[in-house]
Protein chains: 2
Amino acid sequence: MSKKLIVIGGVAAGMSAASKARRTDPNLEITVYTDGEYISYAGCGLPYFIGGRIASKEDLIARSIADFKKQNIDVHTFSKVESIDSDNKKVFIRDLKENKLYEDNYDKLIIGTGARPFVPNLDGMHLNGIFTLRTINDGLNIIEFLKKERPKNISIIGGGYIGLEMAENFVENGCKVTVIERAPHIIPNMDADMAEILTKYLLEKGVDIRTRETVKDFSGNSSVKSVVTDQGEIPTDFVLLSIGVVPNTEIVEGTGIKLGHRNAILVDHKMNTNVDGILAAGDCATVYHLIYEKDVYIPLGTTANKQGRVAGENAAGGNAEFKGVIGTGIARVMEMEVSRTGLSERECQDLGIHYESRKITSLTAAHYCPTSKSIHLKLIAERDSGRMLGAQIVGYAGAALRIDMLATAITVNSTVSQLIDMDLAYSPPFSPVWDPVLIALNQF
Amino acid sequence: MSKKLIVIGGVAAGMSAASKARRTDPNLEITVYTDGEYISYAGCGLPYFIGGRIASKEDLIARSIADFKKQNIDVHTFSKVESIDSDNKKVFIRDLKENKLYEDNYDKLIIGTGARPFVPNLDGMHLNGIFTLRTINDGLNIIEFLKKERPKNISIIGGGYIGLEMAENFVENGCKVTVIERAPHIIPNMDADMAEILTKYLLEKGVDIRTRETVKDFSGNSSVKSVVTDQGEIPTDFVLLSIGVVPNTEIVEGTGIKLGHRNAILVDHKMNTNVDGILAAGDCATVYHLIYEKDVYIPLGTTANKQGRVAGENAAGGNAEFKGVIGTGIARVMEMEVSRTGLSERECQDLGIHYESRKITSLTAAHYCPTSKSIHLKLIAERDSGRMLGAQIVGYAGAALRIDMLATAITVNSTVSQLIDMDLAYSPPFSPVWDPVLIALNQF
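Counting restarts for each chain: residues are numbered from 1 in the order of the written sequence. The naming scheme follows written order: chains are lettered A onward, ligands numbered 1 onward. Only residues with pLDDT of at least 70 are given local features in this predicted model, and only at 80 or more are side-chain atom pairs given and counted; all residues enter the totals for whole chains, interfaces and linings.

Explain the domain arrangement of chain A here, please?
Many analyses report the size of an interface as the accessible area lost when the parts associate. The start and end points of each domain follow an automatic or database-based domain assignment. Taken domain by domain, chain A consists of domain 1 (4-39 + 56-115 + 247-315), domain 2 (119-241) and domain 3 (329-441). Here the C-alpha centre of domain 3 of chain A lies 35 Å away from the C-alpha centre of domain 1 of chain A.

It is not clear to me how the interface of chain B and chain A should be interpreted in this structure. Could you clarify?
Residues are scored as being in contact if the C-beta atoms we place from backbone atoms lie within 7 Å. On the chain A side, the residues contacting the 51 residues of chain B number 51 residues. A run of DSSP states H or I qualifies as a helix once it reaches four residues; a run of E qualifies as a strand once it reaches two. Both are numbered from the N-terminal end. At the level of elements, helix H7 (301-315), strand E21 (329-333), helix H9 (403-411) and helix H10 (416-419) of chain B are the ones that each hand at least two residues to the side of chain B that touches chain A. With seven residues, H9(B) is the single largest residue contributor to the side of chain B that touches chain A. For the side of chain B that touches chain A, the per-class residue count stands at 31 nonpolar, 12 polar and eight charged. All residues other than Ala, Val, Leu, Ile, Met, Phe, Trp, Tyr, Cys, Pro, Asp, Glu, Lys and Arg, Gly among them, are scored as polar; the first ten of these are nonpolar and the last four charged.

Help me out: how do you make sense of the relation of the copies chain B and chain A in this one?
Copy one and copy two of the chain differ by a rotation about a common axis and a shift along it. Under the fitted operation, chain B is carried onto chain A by 0.0 Å of movement along the axis and a turn of 180°, and the coordinates agree to an RMSD of 0.0 Å. The operation mapping one copy onto its partner corresponds to a two-fold rotation axis. Identified as the residue of chain B closest to the rotation axis by C-alpha distance is Met405(B), at 2.2 Å. Most of the interface of chain B is mirrored in chain A, where 100% of its interface residues again form contacts. Least-squares fitting of one copy onto the other uses the C-alpha atoms of those residues that reach a pLDDT of at least 70 in both copies.

Even after reading the chapter, I still don't get the sheet that holds strand E16 (residues 238-241) of chain A, so can you show me in this structure?
Pairing between the strands of a sheet is mediated by backbone hydrogen bonds and can be parallel or antiparallel. Residue and element names in this part refer to chain A. When DSSP finds two or more bridges between two strands, those strands count as paired. Spatially, the five strands line up as an open sheet ordered E9-E16-E10-E11-E12, and their pairing is parallel. Only two strands of the sheet have a single neighbouring strand rather than two, namely strand E9 (130-131) and strand E12 (208-210). Think of each axis as a best-fit line through the C-alpha atoms, taken over the contacting stretch in the case of a helix, with angles from 0 to 180 degrees between the N-to-C directions. Contacting strand E10 (153-157), strand E11 (176-180) and E16, helix H5 (residues 161-172) crosses the sheet at an angle of about 165° to E11.

What is the right way to look at unusual backbone geometry in this model?
Negative phi characterises most residues that are not glycine, and trans characterises most peptide bonds. All names here are of chain A. One non-glycine residue with positive phi stands out, namely Met334, at about 55°. Neighbour density around each residue's C-beta defines its exposure: 20 or more other C-beta atoms within 10 Å make it buried, 12 or fewer make it exposed, and counts between make it partly exposed, where C-beta atoms are placed from the backbone. Since 17 C-beta atoms lie within 10 Å of it, Met334 is described here as partly exposed. Phi at Asn413 is positive, roughly 60°, even though this residue is not glycine. The topology assignment puts Asn413 in the loop between helix H9 (403-411) and helix H10 (416-419).

What is the right way to read the nonpolar core from this model?
The nonpolar side chains of a soluble globular protein tend to be buried with one another. Counting 290 residues, the largest nonpolar core has Ile110(A) and Ile110(B) as its most contacted members. Each residue touching Ile110(B), except ones within four places of it in the same chain, is listed here: Leu5(B), Val7(B), Ile8(B), Gly14(B), Ala17(B), Leu279(B), Ala280(B), Ala281(B), Ala311(B), Gly312(B) and Ala315(B). We define a nonpolar core as a collection of buried residues of the types Ala, Val, Leu, Ile, Met, Phe, Trp, Tyr and Cys that are connected via C-beta atoms lying within 7 Å of each other.

I tried to follow the pairing of strand E14 (residues 224-229) of chain B on my own but got confused; where do I start?
Taken residue by residue, a regular strand's side chains alternate between the two faces of the sheet. Residue and element names in this part refer to chain B. Where strand E13 (residues 215-220) and E14 come together, five bridges link them in antiparallel fashion. The residue of E14 that forms the bridge with Ser219 is Ser226. Turn length for the E13-E14 hairpin, with the two strands adjacent in sequence and antiparallel, is three residues. Alignment of E14 against strand E15 (residues 232-235), held across four bridges, turns out to be antiparallel. Within the sheet, the bridge partner assigned to Val227 lies in E15 and is Ile234. A loop of two residues connects E14 with E15, the two strands running antiparallel in sequence.

What follows is the structure, given as structure tokens:
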């Protein structure tokens, strides 16, 4: 009799796991349960969907239920796994349409339940016009609201990637946009000096950036009318709450599955939990950080895909490993691009690492090219060894993807002196004759 | 008494050397002799200058004679060093305006005489309408000819980067463009299968690509009327000859300076020649190839800058080294981008290296992004060790600069397994959730 794999979750980690399990073992029985309506969609694309740059929600869906069916993967939507009986290798599923509970048996179980937006317990949270953005339905709800209400005063709570990606859409539509960030600066995973460059740009574009400011509650009757903070009141008719996510791990209660950083499911390099036969992957799980040398919670779509694939392969009898992450991130905010990898200066300080940093301003192309625009680049290296530890970039089109060069260097433990005169590509439309990365390396 | 440095050559290597020497030793006496009119210009920008994308020739000039004067660097244009007396540490200079010969003494001499286009000895080479492109004056001559004669039938001889960069301008102006390449395919430093992708694109754009075809001579009365090849006759009223360059090294005759690959001046990692007190840098010199593990001749602007800087520092008493190159190159050809680094499959075969290659087609951004376009990527790794050896990219905007990731990986001797799950930047406008580089690595 063939073995059976159950996958909980139908987005990045879950569907990557199911596909990879199928490719690894053509005979494995594979069933996916997801409480959502949509599967295998690109959550990271939602800001662009809302902005109208993506024509339809179908474009966000990588593969349909029918596609998976062809692979002999059985996908059940509106099917919420409510609990796991790890002793008897069973899950209990609620059919959300029929409201019926039933059970299913597994040999291997992959938990890919993802994460949900963190929603603080504040007065007025129930008011119309307050949104989070995580699922396709969130996106559709926002689009409907924007069409119907045409809000003019937008408050974005949280100055991370998603919040700022969304700011673009509103500014283009002539809205007054306020970004409220509790931390000392936006893009809190970058250093203050780099974030400052983006702040300046956004201020010039008319976006109000309020940092070190904490939201207290929301006021209004049925619809939100203002955001009340510790600094005052901001008139508002639309709120996007994007202050991070929390892993969906309530399901593991009673299973003995250990949780790690920020209550994410603790997994090893093979995506095994501590409970036999149960793996986890994606935004519900921890990930190993190669520089911290410990398990952390950094939920990202790209990591979810990698972890899902490893979980799927191993659940199907393989022996794959995922080495880990180094905290790489990238975003486009209007015409500006920001990216980072490795450790920031603040992280080095927190970890007690002796480091040197160098920051330069250069150009994305030869100075005489019409497309040449500014790029700001910071490199961070360990003081004695010269080992590359981190990099941050803020600049115009063509700037940010240079971070991958530095991610590569950090991944393989390169030192500044190994990289300082490397043979990078040069042609006027692509870089100055000294690439900004080389200019920065030469400052050490 | 202060020491004296003479630099021969006023472009990339020479002026980088002079500047770095000044920064290394504020008291050094520094004199630059160049036979040209313009100094410190970006030769790589000339195709864009001719195409009208760069407003004036001054934009191509990084720094003027006056700028160097402020640094106390004495620059003599129209001043051709005709010979070197290395025993007595003297150079003999001809003032090209006054046609007078004079001499000057040096303690250190840097030869940065560059290269000139290779011009074959063919019948009809003297005809009007046949050009090479190397200097600003070449560019001005071409611009003048194009304005006056408005040629319609363009023959570009040589399917390398410069020839193809120039094709763009002519196609945009509605000309009939023919590229004639003696090798089996254009971009001869890439593999045939990758070059084929660009060939197909150019054919679709109406460019005639003729490979394995050798130019025999040119016919016409005073102006060129056709290119005669071993395959037939091509009506032509403008010819760009771009079949490579030869190093300007006649000057070393009698000095005992050793020449290397393709008669370029043989230099070590410190840019020393074999003659005491004489260094060389840039397109007149060899460069060490880190994978070939020998000195080769690959003249490129970016290498010239790096070598010039090392030569300048060392001539001023420093102790700098330039590790070498790995054959990185990049070009934009209309909407397409091409890049390469390390070894091609053909080079691996020539060197007897056992290799594996993988080739994938992916997208430059998430599939649902309007800017998402195709990218073709080939990776080459050593068979047993998995060491990365080479990469080639052909694709649309945003594709080619990924080569720098692979140049970084090759520089520090990374293996496929080290890189296979690395934490690259992901956000929809920048890459698919699996970056094309990761997709290709996962094929090994």
